[in-house]
Amino acid sequence: MSTIVPNPLRFGVLGAARIGPDALLTPAKSHSEVVVDAVACRDPARGIKYAKTHGIRRHYTGPGCYQQLLDDSGIDVVYIALPNALHFEWTMRALEAGKHVLVEKPIADAAHEARQIFSLAEKKGLVVLEAIHFTCASPPLMYPPLMFSRIAITRFHPATQRVKAIIDSGELGKIKSVIAEFAVPSVLSSLFFLKDDIRFRYDLGGGCTMDMGVYPLAAIRYLTGSESTAPKVRTATALGQPAATRIDRGMHAAFELQSSVTGETYADFAMPGWGPFGLIPRMPKLSVKVALEGGDIEYFNYPLAGSYHWIKVKPRKGRARTEKAYKHPDGTGDASWTTYRYQLEAFVDKVRGRTPQYWTDPQTTVLQMECVEGVYAAAGMPPRIRSTYTPPVI
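Residues numbered from 1 in each chain as written. Predicted model: local features only at pLDDT ≥ 70, side-chain atom pairs only at ≥ 80, totals over all residues. Heavy atoms only, no water.

Student: Could you give an account of the overall build of the protein, naming the residues involved and the relevant values?
Tutor: The helix and strand inventory of the protein stands at 11 helices and 16 strands. Over its C-alpha atoms the protein spans a radius of gyration of 20 Å, differing by no more than 12% from the 21 Å that the globule rule assigns to 394 residues. Across its three principal axes, the protein shows a C-alpha extent of roughly 60 × 50 × 45 Å. Looking at the protein residue by residue over its 394 residues, the buried ones come to 57%. Carbon and sulfur atoms make up 53% of the accessible area of the protein, which totals about 16600 Å². For the protein, the distance from the average site of its 46 positive side-chain charges to the average site of its 37 negative ones is 4 Å. (Helix = DSSP H or I, 4+ residues; strand = E, 2+ residues; numbered from the N terminus. Rg over C-alpha atoms; globule rule 2.2 N^0.38 Å. Buried < 20%, exposed > 50% of the residue type's maximum accessible area, 1.4 Å probe, protein only. Areas by Shrake-Rupley, 256 points an atom, 1.4 Å probe, with all protein chains shown as cover. Lys, Arg positive; Asp, Glu negative; His and termini not counted. Charge placed at Lys NZ, Arg CZ, Asp CG, Glu CD.)

Right, dumping it as structure tokens:
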């Protein structure tokens, strides 16, 4: 626990979500400028229990609770952990209420919705950040180093930035291709996802590409310096029963990132086994592999780098080496910080008018949604459901 400074940023949480503790509540305890002051949950029993369990001072419950929290003059920042289909509406409403917003990924269900969000934030002089996170129940002990309860895309984390620095240094020449994978074995899937999980509901903006799929996509864009342009989707294949459910259990996609750089992503909620009848379970896939002219880089555990990772640099000539990075080169950060904590540090710096160590440009987020739409189109699937909310004219 850190000592809270005078006039901290007071966060209000929309949704008593499972991701909340890892994504905000625990990181906030070590940040002296953050207090999680209220939570809103439509289910009274669940909302009260959530507030009590996590030491949140106030709670709003019932049908109008989300707007009640937004109307609270004591709340500075709203963290939104609602189903995907509600992100656009409640991010816009929060901005309209004059609140800064940290919203779980995806920021919206369509690129045009993301553009409206950033346009309103700019007009209001407010900060919006898409938190690209994923969480689930603790894994069985056979996978202790994976720590699935602390998963996050790691552009804010020193390890991912270190991989980018190695690539940009030219040590191994120009980049040729990158492959990023994030897949959970089918035998473990039921431990991580509820039977009625919102990720499997089209009406709530579900689908693997909208959830796990954004991590490998963000990784290949960041590492290849392709964040300011939308990658061209060459092919995409949806896995599962997409024709019947409109939900992709998994997705394999190939991209043209630059004129001579290709990318490939694979994400899967329930990766099938191999061998006779697929009975032999596979290990989780959590790596990014970068091929360069003069060698290769493999970055293991890129979605969970704050818990455990390694970076193998394998030049064609010379000795291979393994690196790890839990702090920034200038010593800032802490080895105990999760990727969520690094992200919270940057978010608070931005809100306070300081220069964050790293920040995601709004255009990067918008183009991410464009790319997601392109993947679904290439796979022959319908776009994700659009919000019916019509913002007032500002």
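Moving on, there is more to tell.
Student: Residue-level account of the sheet that holds strand β2 (residues 34-41), with values.
Tutor: Hydrogen bonds along the backbone pair up the strands of a sheet, which may run parallel or antiparallel. The strand order β3-β2-β1-β4-β5-β6 describes an open sheet built from 6 strands, whose pairing is parallel. Edge positions in the sheet fall to β3 (58-61) and β6 (128-131), since each has one partner strand and no second. Adjacent strand axes in the sheet meet at a mean angle of 20°, parallel and antiparallel pairs treated alike. Set on the sheet, helix α4 (residues 87-96) makes contact with β1 (9-14), β4 (77-80), β5 (100-104) and β6; between it and β5 the angle comes to about 170°. Together, β1, β2, β4, β5 and β6 form the strand contacts of helix α10 (residues 339-351), whose direction differs from that of β5 by roughly 155°. (Pairing = 2+ DSSP bridges. Axes fitted to C-alpha atoms, helices over the stretch in contact; angles between N-to-C directions. Contact = heavy atoms within 4.5 Å.)

Student: For the UniProt feature "domain: GFO/IDH/MocA-like oxidoreductase" (unreviewed entry) in the protein, give the residues involved together with the corresponding values.
Tutor: Taken from the UniProt record, the annotation "domain: GFO/IDH/MocA-like oxidoreductase" (unreviewed entry) applies to residues 161-273. Taken end to end, residues 161-273 comprises 27% helix and 35% strand; its first and last C-alpha atoms sit 33 Å apart. (UniProt positions renumbered as here; feature names shortened; annotations may be inferred.)

Student: Go over the pairing of strand β12 (residues 261-271), please, and point to the residues and values.
Tutor: Within β12, 9 of the 11 residues are buried, which leaves it mostly tucked inside the rest of the structure. For strand β9 (residues 175-185) and β12, the ladder comprises 8 bridges, and the chain directions are parallel. Its bridge partner lying in β12, Ala 183 is registered against Asp 268. Here 8 bridges tie strand β11 (residues 250-258) to β12, and the two strands are oriented antiparallel to one another. Pairing of Phe 255 across the sheet is with Gly 263, part of β12. Here β11 folds back onto β12 in antiparallel fashion, the turn holding 2 residues.

Student: I'd love a proper account of α4, names of residues and values included.
Tutor: Along α4, 8 of the 10 residues are buried, which leaves the element largely enclosed by surrounding structure. His 87, Phe 88, Glu 89, Trp 90, Thr 91, Met 92, Ala 94 and Leu 95 are the residues of α4 that are buried. Looking at the buried positions of α4, the neighbouring elements they touch are β1, α3 (65-70), β4, β5, α5 (111-124) and β6. Immediately beyond the C-terminal end of α4, within one or two residues, lies Gly 98, with a positive phi of roughly 85°.

Student: Would you mind going over the environment of Pro 27 in detail, with residue names and values included?
Tutor: Position of Pro 27 relative to the elements: it lies in helix α1 (residues 20-29). Remark: the alpha-carbon pair of Pro 27 and Val 78, spanning 51 residues in sequence, is separated by 15 Å. For Pro 27, the residues in contact, after removing those within four places along its chain, are Pro 21, Asp 22, Tyr 340, Arg 341 and Leu 344.

Student: If you had to explain unusual backbone geometry to someone new, which residues and values would you point to?
Tutor: In the segment running from Lys 105 into Pro 106, the intervening peptide bond is cis, with an omega of -10°. Mapped onto the fold, Pro 106 is located in the loop between β5 and α5. One non-glycine residue with positive phi stands out, namely Arg 246, at about 65°. Looking at the secondary structure, you find Arg 246 in the loop between α9 (242-245) and β11.

Student: Would you mind going over the UniProt feature "domain: Gfo/Idh/MocA-like oxidoreductase N-terminal" (unreviewed entry) in the protein in detail, with residue names and values included?
Tutor: The UniProt entry lists residues 9-129 under the feature "domain: Gfo/Idh/MocA-like oxidoreductase N-terminal" (unreviewed entry), expressed in the numbering used here. Across residues 9-129 one finds 41% helix and 24% strand; the C-alpha atoms that close the span lie 15 Å apart.

Student: Describe the sheet that holds strand β10 (residues 232-239), listing the residues and the values that go with them.
Tutor: Across the sheet, which stays open at both edges, the 8 strands sit in the order β10-β11-β12-β9-β13-β14-β15-β16 with mixed pairing between neighbours. Among the strands making up the open sheet, the edge pair consists of β10 and β16 (321-323). Adjacent strand axes in the sheet meet at a mean angle of 10°, parallel and antiparallel pairs treated alike. By the bridge criterion, 5 bridges tie β9 to strand β13 (residues 287-292) in an arrangement that is antiparallel.

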